[in-house]
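Tertiary structure, described
Each chain, written out:
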Amino acid sequence: MKTKIVTVIGARPQIIKSSAISRAIRNKYHDKLEEVIVHTGQHYDDNMSQVFFVELNIPSPKYNLKIGSASHAVQTAEMMKGLEDVFKKEQPQAVILYGDTNSTLAGATVASKMDIPVVHVESGLRSYNKAMPEEINRIVSDHLSTLLFTPTELGVANLKKEGFNLENNAPYNIDNPKVHYCGDVMYDNSLHFAELAMKKETVLTDYNLVEGTFILCTLHRPANTDSPERLANMLEALVHISTKGKEVIVPLHPRTRKFINETLDKKLLDEIENTDTIKLIDPVSFLNITALEQKCAFIITDSGGLQKEAYFFQKPSIILRAETEWMEIVANGNATLVDADKQRIIEAAYTYLNGVEMEFPNFYGNGKAAEFICDQLIALA
């Protein structure tokens with residue numbers, strides 16, 4: 001008999017991460033695992049959500065809760081109500097959650113209260129900044145989980161510090177959880193989609209982008225976009241960097257574009273719009289962002305995912321945050337933490353523009369994290 005799992009996703013990065021396990025089930029475990037996908041609707045715009053199911057060949061969600069935007073409390077509460085109904089109907093043997101969004105928190109809370117084992121992929125990550133909603137979500141979700149799959153050795157160490165016993169033996173449950181270092185499912189995806197991205201990309205062609213001649217920047221975290229001062233500092237830095245011989249390409253999250261239009265000083269906005277070497281473009285597909293990552297000179301981002309993906313493709317990154325969950329790449333010199341400090345952003349960019357020798361050790365596994373996770377799901381049942 002197949003083991004039934006419910007996969008809960010809601011945000012764009014979770015959709016992408018989930019594709020690795022969905023692909024493994026389809027290719028190798030279809031006779032042992034049955035996956036039911038629930039989309040909470042946290043990212044509901046087609047450019048931010050639906051296109052990924054098609055592009056990455058992910059099975060369509062059986063359920064879409066269509067929650068949409070709201071305050072953290074309201075959004076999480078609505079998700080919990082909808083997920084409880086789904087779990088009652090499906091009666092899964094486990095619930096798989098990814099990362100650190102409100103969808104993750106809602107799924108972990110509801111499943112644990114219904115005595116359904118929680119499987120947390122990307123567990124153990126810590127910024128050690130509890131002012132970040134994501135930090136609260138990941139801590140709570142980890143401590144409600146039965147199986148914890150961490151992408152890094154540092155993640156294992158973080159969980160050990162929080163009291164997890166790394167020597168627990170089966171049978172596993174919420175009171176006797178199992179921590180696994182398995183590598184990163186996004187490394188699985190990067191290996192799988194790298195070549196396909198170059199065959200199907202449109203963004204390099206549309207914007208006449210030549211390898212090594214442009215910088216990729218993404219900017220979406222509320223702590224950055226919702227602060228006019230921080231947003232202005234970062235964009236002023238980008239304008240300055242864009243005059244130093246390379247274009248800056250910025251695929252804009254809809255919220256970021258909204259705040260740029262509403263809060264940015266008109267003089268700075270006019271300067272951005274009249275600078276040929278800085279391009280604010282619409283959100284791009286996963287394959288297009290993968291193509292951009294492969295061909296850019298380096299990456300400037302506040303995204304946790306892009307920090308890693310830069311590393312996967314052996315690109316330096318400048319991190320627009322005061323801390324990161326991926327400290328191993330900072331410690332190894334592959335990334336620089338600059339927060340929203342204009343001068344530090346510019347100085348880090350100058351360092352990378354002038355060229356610097358780097359090594360890229362294998363921090364993130366062997367590209368088979370999804371298969372490892374599937375094996376453990378089968379054993380759990």
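Refer to the structure presented above.
In this report, we go over the structure that sits alongside the text. As the structure is a prediction and not an experimental result, all values here were calculated from the model.

1. Brief notes about unusual backbone geometry
Geometrically, the link from Ala170 to Pro171 is a cis peptide bond, its omega value of 5° lying close to zero. By the element assignment, Pro171 lies in the loop between α6 (153–161) and β7 (178–181). Look at Lys66: it is not a glycine, yet its phi comes out positive at around 50°. The topology assignment puts Lys66 in the loop between β3 (63–64) and α3 (72–90). Of the residues examined, Lys66 reaches a relative accessible area of 68% and is grouped as exposed. In this structure, Glu122 is a non-glycine residue whose phi angle is positive, near 80°. Relative to the elements of secondary structure, Glu122 occurs in the loop between β5 (118–121) and α5 (133–143).

2. What about the pattern of salt bridges?
By the definition in use, this model includes 23 salt bridges. For Arg230, the salt bridge is made with Asp339, and the minimal N-O distance between the two is 2.7 Å. Here Arg230 is found in helix α10 (residues 228–241), whereas its partner Asp339 is found in the loop between β13 (335–337) and α16 (342–353), with 109 residues between them in sequence. Assessed through its relative accessible area of 22%, Arg230 is described here as partly exposed. It is possible to trace a salt-bridge network through shared partners that takes in Asp100, Glu135, Arg138, Arg321 and Glu325.

3. Regarding the pairing of strand β9 (residues 247–251)
Most of β9 sits inside the fold, with five of its five residues counted as buried. What you see with β9 is no split at all: Glu247, Ile249 and Pro251 on one side and Val248 and Val250 on the other are buried throughout. In this structure, strand β8 (residues 214–218) lies alongside β9, joined through three bridges in parallel fashion. Looking at β9, one finds that Phe214 is bridged to Glu247. With four bridges connecting them, β9 and strand β10 (residues 278–281) associate as parallel partners.

4. Structural notes on the packing of α3 against helix α4 (residues 102–113)
Angle between the axes and distance between the axes: these two values describe a pair of packed helices. Relative to each other, α3 and α4 sit at 45°, their axes nearing to 8 Å. Considering their axes alone, α3 and α4 lie oblique with respect to each other. Pair α3 / α4 crosses with right-handed handedness. Seen from α3, the contacting residues are His72, Gln75, Thr76, Met79, Met80, Leu83, Glu84 and Phe87; seen from α4, they are Asn102, Ser103, Leu105, Ala106, Gly107, Thr109, Val110 and Ala111. Taken together, the residues that form the contact of α3 with α4 break down as eight nonpolar, seven polar and one charged.

Criteria and thresholds
Residues numbered from 1 in each chain as written. Predicted model: local features only at pLDDT ≥ 70, side-chain atom pairs only at ≥ 80, totals over all residues. Heavy atoms only, no water. Helix = DSSP H or I, 4+ residues; strand = E, 2+ residues; numbered from the N terminus. Buried < 20%, exposed > 50% of the residue type's maximum accessible area, 1.4 Å probe, protein only. Salt bridge = Lys/Arg side-chain N within 4 Å of Asp/Glu carboxyl O. Pairing = 2+ DSSP bridges. Axes fitted to C-alpha atoms, helices over the stretch in contact; angles between N-to-C directions. Parallel < 35°, antiparallel > 145°, perpendicular 65-115°, else oblique. Left-handed = near helix turned anticlockwise from the far one by under 90°. Contact = heavy atoms within 4.5 Å. Nonpolar A, V, L, I, M, F, W, Y, C, P; charged D, E, K, R; others polar.

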